Amino acid sequence: MSTTTTTTHVQGWARTHGISRGLGRTLAVFVPVFFLGTFITFGLRQLSGLSPAHLQLGESATPEKVAQLEAQWGLDQPFLTQYWSWLTSVLHGDLGLSWVDGTSISSALFGRAIISLSIAGLALLIGVTIGFALGTVAALWQTTWVDRAITGFTTVISVMPSFVVGIALVAVFAVSLGWFPSAGYVPISQGVTPWFEHIWLPALAISFDTIADVARQLRSGLIGAYRENYVVGAVVRGLGPRRIFFVHVLRNGVGPALTVLGMKFPNLLGGAVVTEAIFGLAGYGKYAADSAQRGDVPAVQGVLVVSIVVVVVFNLLVNTALVKITPASARGV
Amino acid sequence: MLGRIARLPSGRLGLVILLGVLFLAAFGPALAPYDPLEGGDAVLAGPSSAHWIGTDYLGRDVLSRILAGSTVSVLGAVQVALIALVVGAVPGILSVYLGRSFEWLSLRLVDTLIALPFLVFAVAVTALLGNGIPQAMFTVGVLVSPVFYRVSRAAALTVSRSQYVESALLSGASVGWVVRKHVWAKVLPPLSIALATTMGAGFVVVSSLTFLGIGVQPPAPTWGGVLASELMYLSYQPFAPLVPTLLIMVTVWAFNLLADAIRDVTGDAGRALSRPAPVAADATA
């Protein structure tokens, strides 16, 4: 009796220890990523050579006026000082003011980011659900026609760029059939159904890539896990196929698919630029494209830094989940 | 190696399609029956003997616009991949030889590039830097370079731990000689796979950018731009986007076929690429 309690105690210790160690490793990667990413983002102004003076003064710019305006925006400070004061206010949730109209970027971005995040989130959900279903079915029926059909399907959808999928979806569901609105957005406060009707086509458009990659990685991960000796052992001991699948195979074979998910999320967020153009949504991707074309550097930096934060947080979550599901990944295996 | 690729059915198909696409890129503008920029009277006309795939909202011949736009669309992908190759592979190989601090910094930079939401950055940076073709190619090239960094670094690491490299270094060979003589041969197969995949991916990105009017602005013809202008009139011509769409898809597919064929031909050397590399994988390396 006492041995069992000791064992569970040791296992529990090992598990928490593994998680904190996995988290430590993840932080060791993502803290530098955050600082380098924000540094590159902030360096974009220097790189582009743009200044609020050209935007606001236009042709009437004299050197004195330009210098005065740049001093007003704090641009006469040394680069690292500017970076540090920008970063500290970003960490306090203040993304600064737009060069074009002097309005707060944080408040302009907040409403738009919700649109893009709900689309990316729904796309992720679609990608995970369908990807897991296809990958599992293909692995369970490997080398049969079902497997070949799924592999063929994932190959086809992986070569379809998201804007092509988006156009096809608009052409079929919105224009030809007229089942769903082709453009625009309705906030969730006006009802879940209209909200969903507006975002599910764009979400589907950017999810294809994720579906294909998750399905492929899960299939090969599961097939690899089925070949392991402990699975043979489980079969020999007479365990049921369901228990073998969920306890032995899925847990050990799911790693690559989860890792891919962490890497796909930036694409889902980035894909917003294209889908928002197709579906006429005023999300953060459109804000980024418009601001960049106007030369509104702080607004672009605001979008980019928000997306970096979201990606870093998402990857921390995925890696934590990964360590919890497959403890071996904490050891970097 | 081309011969061995051509002996595989999928490799042959990929090569044939890509040759066709290259032909379009080289001679497309000359083959265009009409001026791609000049509109006509027939606006939004369907396919006819005069206009094989119809006209757009300004009466411009869509076939001519697709043909004239093929150079930018296809060469853009090639340029992106070549820039990415240089920006990625050189530090990738050097990271094994230039000491701890360079290794750490380059690894973190690559992690950062991977974590950036790709398209938003491509659009934003290109537009901020002046919204031209060189800016677009440079930005996208840098953003996709981590693939080359990883592949070349992995191969270089394997070689650098082998005994023949050790013995070469012990007998007084310089690092440059070892890289040229031994490392390069091991890095080449995975790099060529990455090159084919990146051209496919770069092609999608270039099409997406031109679709948004970034890098190449309208009225200059591009495949993405043709798609964008047809999207606005989808309710009049629901099937008009079909031709540029199919062109884009088939080209991407051909690049992927080629990558798979190289992987099959070179055997184990390319295996590493098909596995996903976790962002944190190199943390302690």
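Residues numbered from 1 in each chain as written. Chains lettered and ligands numbered in written order. Predicted model: local features only at pLDDT ≥ 70, side-chain atom pairs only at ≥ 80, totals over all residues.

1. Here we look at the overall build of chain A
Here's step 1: The secondary structure content of chain A amounts to 14 helices and zero strands.
Here's step 2: Across chain A, helices and strands are ordered from the amino to the carboxyl terminus as α-α-α-α-α-α-α-α-α-α-α-α-α-α.
Here's step 3: Burial analysis of chain A (333 residues in total) assigns 41% to the buried set.
Here's step 4: A sequence separation of at least 24 residues applies to 73% of the contacts in chain A between residues at least 6 apart. (Helix = DSSP H or I, 4+ residues; strand = E, 2+ residues; numbered from the N terminus. Buried ≥ 20, exposed ≤ 12 C-beta atoms within 10 Å, placed from the backbone. Contact = placed C-beta atoms within 7 Å.)

2. Observations concerning the overall build of chain B
Here's step 1: Across its full length, chain B holds twelve helices and zero strands.
Here's step 2: Taken from the N to the C terminus, the helices and strands of chain B come in the order α-α-α-α-α-α-α-α-α-α-α-α.
Here's step 3: Once the C-alpha set of chain B is aligned to its principal axes, its extents read approximately 75 × 45 × 30 Å.
Here's step 4: Within chain B, buried positions represent 55% of all 285 residues.

3. With respect to the packing of helix α6 (residues 145-158) of chain A against helix α8 (residues 192-226) of chain A
The packing of two helices is summarised by the inter-axis angle and the distance between the axes.
Residues and elements named next belong to chain A.
Here's step 1: Relative to each other, α6 and α8 sit at 145°, their axes nearing to 8 Å. Crossing of α6 over α8 shows left-handed handedness. Note on element contacts: α8 touches α6 through Phe208, Asp209, Ile211, Ala212, Ala215 and Arg216, opposite Ile150, Thr154, Ile157 and Ser158.
Here's step 2: Per-class residue counts for the contact of α6 with α8 are six nonpolar, two polar and two charged. (Axes fitted to C-alpha atoms, helices over the stretch in contact; angles between N-to-C directions. Left-handed = near helix turned anticlockwise from the far one by under 90°. Nonpolar A, V, L, I, M, F, W, Y, C, P; charged D, E, K, R; others polar.)

4. A few points about the nonpolar core
Here's step 1: Core analysis: the largest hydrophobic core is formed by 166 residues, its most contacted members being Ala288 of chain A together with Val120, Val123 and Ala124 of chain B.
Here's step 2: Here this core gets 17 residues from one element, more than from any other, and that element is helix α9 (residues 175-212) of chain B.
Here's step 3: Setting aside residues no more than four positions away along its own chain, Ala124 of chain B makes contact with Ala288, Ala292, Val300 and Leu304 of chain A. (Core = buried A, V, L, I, M, F, W, Y, C linked by C-beta atoms within 7 Å.)

5. Considerations on helix α5 (residues 105-140) of chain A
Here's step 1: Under the 1.5 Å per step criterion, the end-to-end length of α5 of chain A is 50 Å for 36 residues, consistent within 8% with the ideal 52 Å.
Here's step 2: At Gly111 of chain A, α5 of chain A shows its largest kink, close to 30°. (Expected span 1.5 Å × (residues − 1). Bend = angle between axes of the 7 residues up to and from the residue.)

6. As for the environment of Gly262 of chain A
Residues and elements named next belong to chain A.
Here's step 1: Along the chain, the position of Gly262 falls in helix α11 (residues 255-270).
Here's step 2: On the basis of neighbour counts, which here come to 24 C-beta atoms within 10 Å, the residue Gly262 falls in the buried class.
Here's step 3: In the structure, Gly262 is positioned 49 residues away from Val311 in sequence and 8.4 Å away in space, judged by C-alpha atoms.

7. Let's talk about the interface of chain B and chain A
Here's step 1: Facing 43 residues of chain B, the contacting portion of chain A comprises 56 residues.
Here's step 2: Listing elements by their share of the side of chain B that touches chain A, those giving two or more residues are α4 (100-115), α5 (118-128), α9, α10 (223-231) and α11 (242-266) of chain B.
Here's step 3: Counting residues per element, the side of chain B that touches chain A draws most heavily on α5 of chain B, at nine residues.
Here's step 4: Of the residues that constitute the side of chain B that touches chain A, the class distribution is 32 nonpolar, eight polar and three charged.

8. Section: the packing of helix α7 (residues 162-176) of chain A against α8 of chain A
Residue and element names in this part refer to chain A.
Here's step 1: Between α7 and α8, the least distance of the axes is 8 Å, while the angle of their chain directions is 140°. As far as their axial angle goes, α8 and α7 are oblique. Considering the relative orientation of α7 and α8, their crossing is right-handed. The segment α7 lies against α8, with Ser162, Val165, Gly166, Leu169 and Phe173 engaging Leu201, Pro202, Leu204, Ala205, Ile206, Phe208 and Asp209. (Parallel < 35°, antiparallel > 145°, perpendicular 65-115°, else oblique.)

9. What to know about the confidence of the model for chain B
All names here are of chain B.
Here's step 1: Considering every residue of chain B, the mean pLDDT works out to 78; 91% of them sit at 70 or more.
Here's step 2: Across residues 269-285, confidence stays below pLDDT 50; counting only partners more than four residues off in sequence or on other chains, it has 38 contacts.
Here's step 3: ipTM for the predicted complex: 0.75, alongside a pTM of 0.78. (pLDDT = per-residue confidence, 0-100.)

10. A look at the environment of Val86 of chain B
Here's step 1: Tracing the backbone shows Val86 of chain B in helix α3 (residues 62-97).
Here's step 2: Put simply, Val86 of chain B and Tyr149 of chain B are 63 residues apart on the chain and 9.3 Å apart in space, counted from C-alpha to C-alpha.

11. Looking at the environment of Leu242 of chain B
Here's step 1: Mapping Leu242 of chain B onto the fold places it in helix α11.
Here's step 2: For the pair Leu242 of chain B and Ala168 of chain B, spaced 74 residues apart in sequence, the C-alpha to C-alpha distance is 57 Å.

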